[in-house]
Amino acid sequence: MINEHDPSLARMSVFGITHLQKQSPLMIAWWSAVFPGFGHYFLNHYIRATLLSLSEVFINTFAHINDAMIYSFCGKFELAQSVVQPKWAFGYLIIYMITIWDSYRLAIYQNKVFDLTCLKNEQISRIGIFPLEIQFLDRKKPIVGAVYSFLFPGLGQLYIHRFGLAFYAMIWWWIYLYFSKLHESLLQLMLGNLQASNLILQQHWLLFMPSVMGGAIFHAYTTTIEHNKLYRIAQRQYLKNRYRKDDFLIFHKQV
Amino acid sequence: MIIIGMFEQSIELEQALTVLENSSISRDQILVVFMDDKPSPIQISGRTQNIHSNAFEIGMASATGCAVIGASVGFTLYLGPIICGLLGALIGFTIGYALYYFPNKSKAQSKKTKKIPEVAVIIQCAKSQLSFIEDILWKYQAITVGKSH
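Residues numbered from 1 in each chain as written. Chains lettered and ligands numbered in written order. Predicted model: local features only at pLDDT ≥ 70, side-chain atom pairs only at ≥ 80, totals over all residues. Heavy atoms only, no water.

**Some words on the overall build of chain B**
Rules: By definition, any uninterrupted DSSP run of H or I lasting at least four residues is a helix, any uninterrupted run of E lasting at least two residues is a strand, and each is numbered from the N terminus. Here the globule rule is a power law, 2.2 Å times the number of residues to the power 0.38, and the radius of gyration is based on C-alpha atoms. Burial here depends on accessible area, computed with a 1.4 Å probe over protein chains only, as a share of the maximum for the residue type. Under 20% is buried, over 50% is exposed, and the range in between is partly exposed. Note on contacts: a residue pair qualifies if any of its non-hydrogen atoms lie within 4.5 Å across the two residues. Working definition of accessibility: Shrake-Rupley area with a 1.4 Å probe, residue cover restricted to the visible protein chains. In this tally, Lys and Arg are treated as positive and Asp and Glu as negative; His is ignored, and so are the chain termini. Charged groups are reduced to one reference atom each: NZ for lysine, CZ for arginine, CG for aspartic acid, CD for glutamic acid.
Looking only at helices and strands, chain B has four helices and four strands in total. Reading chain B from its N end, one meets helices and strands in the order β-α-β-α-α-β-α-β. Against the compact-globule benchmark of 15 Å for 149 residues, chain B has a radius of gyration of 25 Å, which places it well outside the compact range. Along the first, second and third principal axes, the C-alpha atoms of chain B reach 80 × 35 × 20 Å. Burial statistics for chain B: of 149 residues in total, 46% are counted as buried. Residue pairs at least 24 apart in sequence account for 77% of intrachain contacts in chain B once pairs closer than 6 positions are excluded. When the accessible area of chain B is evaluated, it comes to approximately 8000 Å², of which 62% is carbon and sulfur surface. Between the averaged position of the 12 positive side-chain charges in chain B and that of its 11 negative side-chain charges there is a distance of 10 Å.

Below, the structure is given as structure tokens:
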């Protein structure tokens, strides 16, 4: 059962390990700016992060934010102004800014909760056997998670046992691949047809992809490190308790 | 007799302890001591005390931002969005990595050895049990094993 008074650092569910961790509030705010919702994912707020990321994709598409961004970076400001849909853009902007602020504020508070919970040192559960899944803490290599998510965002999340997020990311990556035509364009690039490769790409959908990939790599990498820390703390708590001895004598007399 | 095995924290450590407890060794004969990290007055800020790992994080954050800008600008450049995006990521990663690495370089601890023992398992036993216990410790990936003779 949930111990509301003295929670441990992590809790196991069928969807994986939900845990408290130290995060730099500025880093969290940065990821919220890169892709609204990502900052909340790094704080383990999975439902609101998913809803925020869904709202980002849809409202961005309706408001043509990505197209406007591309034109702005290329210096075509009139084109950027004409493509943005004011019906959606103002609401998008408000949600965007508040999302950044909200994740920043949450990170500061959760860092304090982390410190408190660390000091109380309640035993962290190490394995959960559920009707449809087995979840456990194990030691993993951060770089492996990062490489998996580089190859296909979502695979790094599978590596850290967070399978719900993994398939959510993989489904979206397929959608981005389909609409942006990135892989067709890559094929043309490898065949040496640079012009053809550039013309195939769909700018609106392509522009989601660097952010999603970067976020997926960062999430897999840092979560692996945090899981490794939790593993060490949990094993230490467990074995210290099991082999508790104050009067263990190696030499014959008490010194 | 005393036998000591040094381990990394892993599931093999627990396998070793459990196998020993299921043989002729009782729990009272086993002492598990967790080794602490070297206390250092100067800590680098970040998730770990490994400067490369922290620099990688900053590098990734910066690479993502630069990749978005690179891909955007790429739509008007000859090389196109894919190559410009990748170049942006590479440049961004290098900048982010360097921005963390160089200011923290002097504070970071010197290079560590490959495997650091994290746990010492101390077992008190009869002489006849010694080689059996030693085999178990080695089998479950002890880093080193030592005995008193």
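**Examining the state of the cysteines**
Keep this limit in mind: Here, two cysteine sulfur atoms that lie within 2.5 Å of each other are counted as a disulfide.
Taken as a whole and assessed by the stated rule, the structure comprises zero disulfides over all chains. Looking at A:C74, it has no disulfide partner, and the nearest cysteine sulfur is the one in B:C84, 9.6 Å off.

**Some remarks on the pattern of salt bridges**
Put simply, the test is: A side-chain nitrogen of Lys or Arg and a carboxyl oxygen of Asp or Glu constitute a salt bridge if their distance falls within 4 Å.
All chains considered together, the criterion is met by 13 salt bridges over all chains. A:D138 serves as the salt-bridge partner of A:K140, at 2.8 Å between the closest nitrogen and oxygen. An identical accessibility class is assigned to A:K140 and A:D138; each is buried. Measuring nitrogen to oxygen at the nearest pair gives 3.4 Å for the salt bridge that ties B:R27 to B:E21.

**A few points about unusual backbone geometry**
Residue and element names in this part refer to chain A. At N121, a residue that is not glycine, the phi angle is positive and equals roughly 55°. If you trace the backbone, N121 turns up in the loop between α6 (86-120) and β3 (127-129). Classification of N121 as partly exposed rests on a relative accessible area of 45%. With a phi close to 60°, K181 is a non-glycine residue in the positive phi region. Residue placement: K181 occurs in the loop between α9 (163-180) and α10 (182-190). Note on K181: relative accessible area 31%, which makes it partly exposed.

**Topic: the packing of α9(A) against helix α13 (residues 209-242) of chain A**
Residues and elements named next belong to chain A. Counted only if it meets this: Every angle, taken between N-to-C directions, lies between 0 and 180 degrees, and every axis is a line fitted to C-alpha atoms, over only the stretch in contact when it is a helix. Here the angle decides the label: under 35 degrees means roughly parallel, over 145 means roughly antiparallel, 65 to 115 means roughly perpendicular, and every other value means oblique. Crossings are assigned a handedness: left-handed for a near helix turned anticlockwise from the far helix by less than a right angle, right-handed for a clockwise turn. In this classification, the charged set is Asp, Glu, Lys and Arg, the nonpolar set is Ala, Val, Leu, Ile, Met, Phe, Trp, Tyr, Cys and Pro, and all remaining amino acids, among them Gly, are polar.
Packing of α9 against α13 leaves a shortest axis separation of 11 Å and a crossing angle of 155°. Viewed along their axes, α9 and α13 adopt a mutual orientation that is roughly antiparallel. Taken as a pair, α9 and α13 cross one another with a handedness that is left-handed. Facing α9, whose interface residues are L165, W173, Y176, L177 and S180, α13 presents M209, V212, M213 and H219. Here the residues of the contact of α9 with α13 are counted per class, giving seven nonpolar, two polar and no charged.

**Regarding the domain arrangement of chain B**
Put simply, the rule reads: These domain boundaries are the output of an automatic or database domain assignment.
Taken domain by domain, chain B consists of domain 1 (2-38 + 113-147) and domain 2 (51-104). Distance from the C-alpha centre of domain 1 of chain B to the C-alpha centre of domain 2 of chain B: 46 Å.

**Looking at the side chain of B:E57**
Checked against the element boundaries, B:E57 lands in helix α2 (residues 51-74). Judged by relative accessible area, B:E57 falls into the buried class, the value being 7%. Setting aside residues no more than four positions away along its own chain, B:E57 makes contact with A:M27, A:F218, A:Y221, A:T222, A:I225 and B:R47.

**Some remarks on the UniProt feature "transmembrane region" (unreviewed entry) in chain A**
Going by this rule: UniProt positions are given in the numbering used here, feature names are shortened, and annotations may be inferred rather than shown by experiment.
Those places that UniProt annotates as "transmembrane region" (unreviewed entry) correspond, in this numbering, to residues 28-47, 159-179 and 199-222 of chain A. The annotated region residues 199-222 of chain A carries 83% helix and 0% strand content, and the separation between its end C-alpha atoms amounts to 36 Å.

**Remarks on helix α1 (residues 11-22) of chain B**
Formally: Expected span, for any helix, means 1.5 Å times one less than how many residues it has.
Compared with the 16 Å implied by 1.5 Å per residue over twelve residues, the 16 Å span of α1(B) between its first and last C-alpha is a close match. Along α1(B), the residues that are buried comprise B:E12, B:L13, B:E14, B:A16, B:L17 and B:L20.

**Description of the pairing of strand β1 (residues 10-13) of chain A**
Residue and element names in this part refer to chain A. Which entries qualify depends on this criterion: Think of it this way: DSSP has to see at least two bridges between two strands before they count as a pair.
Covered by surrounding structure in β1 are A10 and M12 only, the residues R11 and S13 on the alternate face being uncovered. Here β1 pairs with strand β2 (residues 16-19) via four bridges, running antiparallel. Across the sheet, R11 pairs through a bridge with T18, a residue of β2. Between β1 and β2, which pair antiparallel one after the other, the connecting turn spans two residues.

**Overview of the sheet that holds strand β1 (residues 2-7) of chain B**
Residue and element names in this part refer to chain B. A sheet is described by the order of its strands in space; here four strands give the open sequence β2-β3-β1-β4, paired in antiparallel fashion. For this open sheet the edge positions go to β2 (30-34) and β4 (144-147), each flanked by a neighbour on one side alone. Averaged over all adjacent pairs, the angle separating strand axes in this sheet is 15°, with direction ignored. Here β2 pairs with strand β3 (residues 119-124) via five bridges, running antiparallel. Directly across from F34, in β3, lies its bridge partner V119.

**Describing the UniProt feature "transmembrane region" (unreviewed entry) in chain B**
All names here are of chain B. According to UniProt, the feature "transmembrane region" (unreviewed entry) maps to residues 55-73 and 79-102 in the numbering used here. A distance of 26 Å separates the end C-alpha atoms of residues 55-73, which is 100% helix and 0% strand. End-to-end, the C-alpha atoms of residues 79-102 are 32 Å apart, and along that stretch the chain is 96% helix and 0% strand.

**Considering a nonpolar patch on the surface**
Here is the rule: Patch membership needs two things, relative accessible area over 30% and no salt bridge, and members are linked within 9 Å if like-charged or within 5 Å if nonpolar (Val, Leu, Ile, Met, Phe, Trp, Tyr).
On the surface, B:Y78, B:L79, B:L87, B:I91, B:I95 and B:L99 cluster together into a nonpolar patch covering about 620 Å² of accessible area. Checked against the element boundaries, B:L87 lands in helix α3 (residues 80-104).

**Thoughts on the pairing of β1(B)**
All names here are of chain B. Among the six residues in β1, five count as buried, and that is most of the element. The pairing of β1 with β3 spans six bridges and is antiparallel. Pairing of M6 across the sheet is with A120, part of β3. The pairing of β1 with β4 spans four bridges and is antiparallel.

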